[in-house]
Amino acid sequence: MDHFDRKIIHALQEDARMPVAQIAERTALSATPVSRRIKRLEDDGVIQGYQPLLDARRLGFELDAYVLINLDGHSDANISRFEQAIEENAYVIACHAVTGDMDYLVHVIARDVEHLSQITLKSLVRIPGVRDVKSIIVLETIKEARALPLE
């Protein structure tokens, strides 16, 4: 990846719907090589897709929370069951296996505290193999960058 690719990615991170002609102006390339480079970045998996950025609050999700989860065992079946249940839960927007005292960090959105309680107590806690659950409610988001640094 050269500096032209980085300029193209930077432009697309600013606005994924930016016209190729405008990206070409920013990168000092013509539209045809920019189009080819974008296609190559997509084919190589550097650009994995294009999604709109949605405002969760305007869609009725007033609460952001992180749920720390420990499993009672780390058998393949236990992990597979847990990960499948997480994949199927629409309110889980991210899940990470982590180091430290807990096994997973789960990012959940909810309408309010009562809804978070339902998600936690009627869904996450009931996944077979879940031992401990701790919730952290976000009070304020200080930074939420979606663009990756390009060095």
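Residues numbered from 1 in each chain as written. Predicted model: local features only at pLDDT ≥ 70, side-chain atom pairs only at ≥ 80, totals over all residues. Heavy atoms only, no water.

The protein chain goes by Lrp/AsnC family transcriptional regulator in an unreviewed UniProt entry, where it is assigned to Novosphingobium beihaiensis.

Student: Describe the pattern of salt bridges, listing the residues and the values that go with them.
Tutor: Taken as a whole and judged by the stated rule, the model has nine salt bridges. For R37, the salt bridge identified is with D2, shortest N-O distance 2.9 Å. Of this pair, R37 sits in helix α3 (residues 31-43) while D2 sits in the segment before α1 (3-14), and the two are 35 residues apart along the sequence. One continuous salt-bridge network, built from bridges that share partners, spans D2, D5, R37 and R40. (Salt bridge = Lys/Arg side-chain N within 4 Å of Asp/Glu carboxyl O. Helix = DSSP H or I, 4+ residues; strand = E, 2+ residues; numbered from the N terminus.)

Student: An account of the UniProt feature "domain: HTH asnC-type" (unreviewed entry) in the protein chain is needed here, citing residue identities and associated values.
Tutor: Those residues carrying the UniProt feature "domain: HTH asnC-type" (unreviewed entry) are residues 1-62 in this numbering. Within residues 1-62, the helical portion is 53% and the strand portion 0%, while the C-alpha atoms at the span's ends are 40 Å from each other. (UniProt positions renumbered as here; feature names shortened; annotations may be inferred.)

Student: Requested: an account of α1, with residues and values cited.
Tutor: Here α1 contains twelve residues, and its C-alpha end-to-end distance of 17 Å stays within 8% of the 16 Å for a straight helix at 1.5 Å per residue. Among the residues of α1, D5, I8, I9, A11 and L12 are the ones counted as buried. Down the axis of α1, the smallest arc covering the buried residues is 160°, so these residues share one side. (Expected span 1.5 Å × (residues − 1). Buried < 20%, exposed > 50% of the residue type's maximum accessible area, 1.4 Å probe, protein only. Arc of directions from axis to C-beta.)

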